[in-house]
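Take a look at the letters that make up each chain.
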Amino acid sequence: MVSRLKPRDGRFLAVVLLLIVLLLVYLVGIHWWFVAPQVQLSTEMQDLREQHQRFQQIVAEKPEVEQRLAEVRAYEQGNQAFLPENDANAASAALIQRLKQAMSTHGTDESRCQNVGTQSFNAGEDELYQRVTVQARLKCDLEPLAEVLYDLENGKPYLFIDQVMIYKQQTYRPPGAKVLDPPLDVRFNLSGYLRQPGAKAK
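Everything quoted here is computed from the prediction, not taken from an experiment.

Reading the values: the criteria
Residues numbered from 1 in each chain as written. Predicted model: local features only at pLDDT ≥ 70, side-chain atom pairs only at ≥ 80, totals over all residues. Heavy atoms only, no water. Core = buried A, V, L, I, M, F, W, Y, C linked by side-chain atoms within 4.5 Å. Buried < 20%, exposed > 50% of the residue type's maximum accessible area, 1.4 Å probe, protein only. Helix = DSSP H or I, 4+ residues; strand = E, 2+ residues; numbered from the N terminus. Disulfide = S-S within 2.5 Å. Polar contact = N/O pair within 3.5 Å; in protein donor to acceptor, adjacent residues only side chain to side chain. Contact = heavy atoms within 4.5 Å.

Draft legend 1. Highlighting the nonpolar core. In this structure, Leu83, Leu95, Leu99, Leu138, Leu152, Phe188 and Leu190 are the most contacted members of the largest nonpolar core, which totals 24 residues. Counting residues per element, this core draws most heavily on helix α2 (residues 88-106), at six residues.

Draft legend 2. Fine view of the state of the cysteines. Under the defined criterion, the tally for this structure stands at one disulfide. Between Cys113 and Cys140 runs a disulfide, and the two sulfur atoms are separated by 2.2 Å. Torsion about the S-S bond of the Cys113 and Cys140 cystine: about -90 degrees, corresponding to left-handed handedness. With a gap of 27 residues between them, Cys113 in strand β1 (residues 113-121) and Cys140 in strand β2 (residues 129-140) connect regions that are remote in the sequence.

Draft legend 3. The arrangement of the side chain of Thr133 in detail. By the secondary structure assignment, Thr133 is in strand β2. Classification of Thr133 as buried rests on a relative accessible area of 5%. A polar contact of 2.9 Å, which involves the side chain of Thr133, links it to the side chain of Ser191. Not counting chain neighbours up to four residues away, the residues in contact with Thr133 comprise Gln119, Ser120, Phe121, Asn189, Leu190 and Ser191.

Here it is as structure tokens:
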């Protein structure tokens, strides 16, 4: 049995097919060639406008940022926490001089407090600022030693003492003899920082 389409059904089917053809023509011939690029261009223009607004805001804030940078630079230049020298060798010599000055102030008796030796030391640690270290060895009684270390750590520029090792020498005392104990054998690292970036900051 063959079904026959009524004229009304045929017109409806023709309209549907025409709409499908028009949609395909729009998608293939118009949308992808004209509409889609326009939409993409409009999106890019919006992004550019937003970037332009951000740049305008940054430019408007430039004087304030420059002022703050100038304040930071001025503070850094006046900051006495750093060693004033420009290189590690000069800074090492200055650290040794600081140690000698503290010892001459607090260790008045050289036989009871003396500098046995100092030498530069590279710790090889990655830090934000370049560290300068001097290894020191003293023969010193406890009281002047405490004053020397306190003087070094509580002045400016800021100095740091670590790796402290103290040895007490044992000597023979005859019974009843009034013999002073020998000075302590003291070894430590004396460090300060240059106003220069260290390996960690690079």
